[in-house]
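Descriptive structure summary
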Amino acid sequence: MTEAQAAESFDFAAELRDLAARRDIAEAAQRYVRGLDRLDAALQRRAFHDDAVIDCGLMKGTADEFVDFCQDFLGTMEASHHLLGQHRIEVSGDSARGEVYFQAWHGVRDEAGGVRDLFIAGRYLDEYACRDGEWRITARLLVTDWVKDDPGTLDFFAANPGAVRGGRRGADPSDIQAWQTGLKS
């Protein structure tokens, strides 16, 4: 194939639509995990279309039910940190399917009040749709691949009281107002 033939067969508009879809789907995944870690229910909810169905193993329900469950469940923990890994996406028009790897740390306490580090790793198996120009999740199955529960420690923070820590419910340094307040201190 000559260079001219290759240029004629390349559908720039289709490639651009595909790239934009992948960007927007990745943004939905990022809204989801940020909403989890910052305990921001509205942000987490914006990852899902209204008719989404989610099965995380501990519960299965609508997007609203799932967000309420997550916010309540993670709200009992001292902190969480979700990290997204590789994200495989197959786009077909205004729908898509994908698999996103994740690792999540949860700061929990045992029955005696001791600090624990609970790690959960797995994958989100998702279906997406673009409606009114917005890509969001329509179905999610959370697959847990491994779990590790270890004694934890807060010694680093005790030894370094000036270390900036993540916050929740609008108190994170990445929140502009909280960041500006921190600068004034």
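One can find the structure itself at the top, above this paragraph.
Computed from a prediction, not measured in an experiment: that's the story for all the values here.

**Brief notes about the environment of Gly57**
Among the structural elements, Gly57 can be located in the loop between strand S1 (48-55) and strand S2 (60-62). Given the relative accessible area of 64%, Gly57 is considered exposed.

**Describing the sheet that holds strand S5 (residues 115-131)**
In a beta sheet, neighbouring strands are held together by backbone hydrogen bonds and run either parallel or antiparallel to one another. Across the sheet, six strands lie side by side as S2-S1-S6-S5-S4-S3; this open sheet has mixed pairing. With partners counted over all chains shown, the strands left at the sheet margins are S2 and strand S3 (79-92), one partner each. Neighbour-to-neighbour, the strand axes of the sheet open up by a mean angle of 15 degrees, direction not taken into account. Alignment of S1 against strand S6 (residues 134-151), held across four bridges, turns out to be parallel. Along S6, the bridge assignment pairs Asp55 with Leu141. Here helix H2 (residues 12-37) sits on the sheet and contacts S1, S3, strand S4 (95-109), S5 and S6; the angle it forms with S3, its principal contact strand, is near 160 degrees. The sheet contacts of helix H4 (residues 63-75) involve S1, S2, S3 and S4, and relative to S1 the element is tilted by about 60 degrees.

**Here's the deal with the packing of aromatic side chains**
Inspection of the entire model under this criterion finds eight aromatic pairs. On the numbers, 5.8 Å between centres and 90 degrees between planes, the contact of Tyr32 with Phe48 is edge-to-face. On the criterion of sequence distance, the pair formed by Tyr32 in helix H2 and Phe48 in strand S1 is long-range, its members being 16 residues apart. Residues Tyr32 and Phe48 agree in their burial class; the two are buried. Taking the centre distance of 5.3 Å and the plane angle of 85 degrees together, the rings of Phe156 and Phe157 count as edge-to-face. Overall, the relative accessible area of 52% leaves Phe156 in the exposed class. Three or more aromatic residues link up through ring pairs in this structure, and these residues are Tyr32, Phe48, Phe66, Phe102 and Tyr124. Above the face of the Tyr124 ring, Arg140 is positioned so that its terminal group lies 3.9 Å from the ring centre. Over the ring of Phe157 we find Arg165, and its NZ or CZ is 3.8 Å from the ring centre.

**A look at the pairing of S3**
Summarising the sheet, S3 and S4 pair through twelve bridges and their orientation is antiparallel. Opposite Leu83, over in S4, you have Gln103 as the bridge partner.

**Here's the deal with H4**
Side chains that are three or four residues apart share a direction in an α-helix, a result of its 3.6 residues per turn. Taking 1.5 Å of rise per residue, 13 residues should cover 18 Å, and H4 covers 18 Å from first to last C-alpha, within 8% of that figure. Those residues of H4 not exposed but buried are Ala63, Phe66, Val67, Cys70, Gln71 and Leu74. All buried residues of H4 lie within an arc of 130 degrees about the axis, which places them on one face of the element. Buried residues along H4 sit in contact with H2, helix H3 (41-45), S1, S2, S3 and S4.

**Points about the packing of H2 against H4**
Running from N to C, H2 and H4 point in directions that differ by 40 degrees, and their axes come no closer than 9 Å. Between H2 and H4, the crossing angle belongs to the class labelled oblique. Residues Tyr32, Gly35 and Leu36 of H2 touch H4, and the partners they reach there are Phe66, Cys70, Gln71 and Leu74.

**With respect to the pattern of salt bridges**
Side chains that differ in sign of charge can pair as their charged atoms come close. Here the structure, examined in full by the defined rule, presents 15 salt bridges. Residue Arg45 pairs with Asp50 through a salt bridge whose shortest N-O separation is 2.8 Å. The exposure class assigned to Asp50 is exposed, which follows from its relative accessible area of 64%. Ionic contacts of the salt-bridge type, sharing partners, join the residues Arg88, Glu90, Glu99, Arg123 and Asp145 into one network.

About the cut-offs
Residues numbered from 1 in each chain as written. Predicted model: local features only at pLDDT ≥ 70, side-chain atom pairs only at ≥ 80, totals over all residues. Heavy atoms only, no water. Helix = DSSP H or I, 4+ residues; strand = E, 2+ residues; numbered from the N terminus. Buried < 20%, exposed > 50% of the residue type's maximum accessible area, 1.4 Å probe, protein only. Pairing = 2+ DSSP bridges. Axes fitted to C-alpha atoms, helices over the stretch in contact; angles between N-to-C directions. Contact = heavy atoms within 4.5 Å. Phe/Tyr/Trp six-rings, centres within 6.5 Å; stacked < 30°, edge-to-face > 60°. Lys NZ or Arg CZ within 6 Å of the ring centre and 35° of its normal. Expected span 1.5 Å × (residues − 1). Arc of directions from axis to C-beta. Parallel < 35°, antiparallel > 145°, perpendicular 65-115°, else oblique. Salt bridge = Lys/Arg side-chain N within 4 Å of Asp/Glu carboxyl O.

That's the geometry; what it means functionally is another story.
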